[in-house]
Amino acid sequence: MKTRAMVCHAPGTPLVEEMLDLAPVGPGEVLIEIMASGLCHTDLSQIEGVAAPYPFPIVVGHEGAGIVREVGPGVTSITLGDHVIPLGIGECGTCRNCLSDKTNLCEAFLADIAIQPTPFSLNGNPVAAYSGVGSLAQFVVMAERNVAVIRKDTAFHVACTAGCCVATGVGAVIHTAHVESGATVAVFGLGGIGLNVVQGARLAGASRVIGVDINPLRHEQGKRFGLTDFVNARETDAVAAIQAMTGGGVDYAFEAAGSVALMQQAFESTRIGGGSTVVLGVPPDGNALQLVPFQLQLGRTVQGSFMGNVKGRSQLPSLLDHYANGRLNLDDLVTHRLPMSAVNEGFALMTRGESLRTVVAF
């Protein structure tokens, strides 16, 4: 079959609508009609070519939600009409990593990274799917292990955010850092992911949540998610300010902007003797974080987190339960809803710092 999709043909070029050929649904696969897709900064980095793990041409988008329209042979956990989120990181449920409580990096996902399979093609030539999803298409074909069934009473434009920014931010607090009640937290970068770190910290019972950004609008916006303090990094030294506010540094710092310089600042803002830094942002290709070993010997740690260490099928759907029960604020997260034809304007809003999450749909 064919599907409408927004395609980026080369780095730095606008997305254009194409009619792509879509591979038929095979054993263990499902066809999903994408009803809404959030725009993430990693999509923009791929489009611009500054952090581009996938070849061009490409259908970006990995934060989608939709309805199952076809189920292939052998699929047992998904039925026609289910509301679902397609997952960049699947969960087979049987490999060593899936059976571990330490990681969400399914071994099947790691294998897929190496070969980068895609269901899309144009004129017989493959078109990549970002993160193995490509949710800026009207239809996608996904393996059963890469599909999370979600509750049907959550609007698609809200539900889709759980597929990336909510899982990444909230999950990093709960499943990666294991922030405890009463802890102090600093968040560097208050975009969609950073604000979900903020509300994850609130959910965990953090006593103080300090946000760092260069956009002053993020101060008032952040309060709606649980921010207690704000540092405008254009006006003050963020590290010195945080150390002064906390008497030597926070217990946990999260970098959510994809800047190596901010990763270093986040690390330096943590307390000696137990401070922990979690890296969430994706920096431009070739950038490397450098640390002096003695800084680690002083008891500080650094760890990465991919999609918040949230297992996609078994854990991600519960994020929408938190939303339904009033524990997570996703309504204020989606600041713009646009037709798919305006997707390039959606990315422009992101670049100008005017949106938190823009959601598009055909």
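Residues numbered from 1 in each chain as written. Predicted model: local features only at pLDDT ≥ 70, side-chain atom pairs only at ≥ 80, totals over all residues. Heavy atoms only, no water.

A. Representation of the pairing of strand β2 (residues 16-22) within the structure. As defined by bridge partners, strand β1 (residues 2-7) adjoins β2 across six bridges and the pair is classed as antiparallel. Each bridged residue has a counterpart across the sheet, and for Val7 the counterpart in β2 is Val16. Pairing of β2 with strand β7 (residues 120-122) involves two bridges; the strand directions are antiparallel. Directly across from Asp21, in β7, lies its bridge partner Ser121. (Pairing = 2+ DSSP bridges. Helix = DSSP H or I, 4+ residues; strand = E, 2+ residues; numbered from the N terminus.)

B. Region of the structure containing the sheet that holds strand β16 (residues 301-304). Read across the sheet, six strands follow the order β13-β12-β11-β14-β15-β16 without closing on themselves; strand pairing throughout is parallel. Edge strands, defined here as strands with exactly one partner in the open sheet, are β13 (229-232) and β16. Strand after strand, the sheet turns through a mean of 20° between neighbouring axes, direction not considered. Looking at chain direction, strand β15 (residues 276-279) and β16 are connected through four bridges and run parallel. Across the sheet, Val278 pairs through a bridge with Gln303, a residue of β16. Its contacts with the sheet place helix α4 (residues 165-177) against β14 (252-255), β15 and β16, and it is angled at close to 130° to β14. (Axes fitted to C-alpha atoms, helices over the stretch in contact; angles between N-to-C directions. Contact = heavy atoms within 4.5 Å.)

C. Summary view of the sheet that holds β2. Spatial ordering of the open sheet is given by β1-β2-β7-β8-β4, a layout of five strands whose pairing is mixed. Lying at the two open borders of the sheet, with one neighbouring strand each, are β1 and β4 (58-59).

D. Looking closely at the pattern of salt bridges. All told, the structure shown has 14 salt bridges when counted by the stated rule. Arg208 is the partner of Asp229 in a salt bridge, and the nearest nitrogen-oxygen pair spans 2.9 Å. Note that Asp229 is positioned in strand β13 and Arg208 in strand β12 (residues 208-213), a separation of 21 residues in sequence. Residue classification places Asp229 among the buried positions, given a relative accessible area of 17%. Taking the shortest distance from any N to any O, the salt bridge between Asp332 and Arg224 comes out at 3.4 Å. Here Asp332, found in the loop between α10 (317-324) and β17 (334-339), pairs with Arg224, found in the loop between α6 (217-223) and β13; they are 108 residues apart in sequence, far enough to count as distant. Residue classification places Asp332 among the partly exposed positions, given a relative accessible area of 30%. It is possible to trace a salt-bridge network through shared partners that takes in Arg151, Asp153 and Asp321. (Salt bridge = Lys/Arg side-chain N within 4 Å of Asp/Glu carboxyl O. Buried < 20%, exposed > 50% of the residue type's maximum accessible area, 1.4 Å probe, protein only.)

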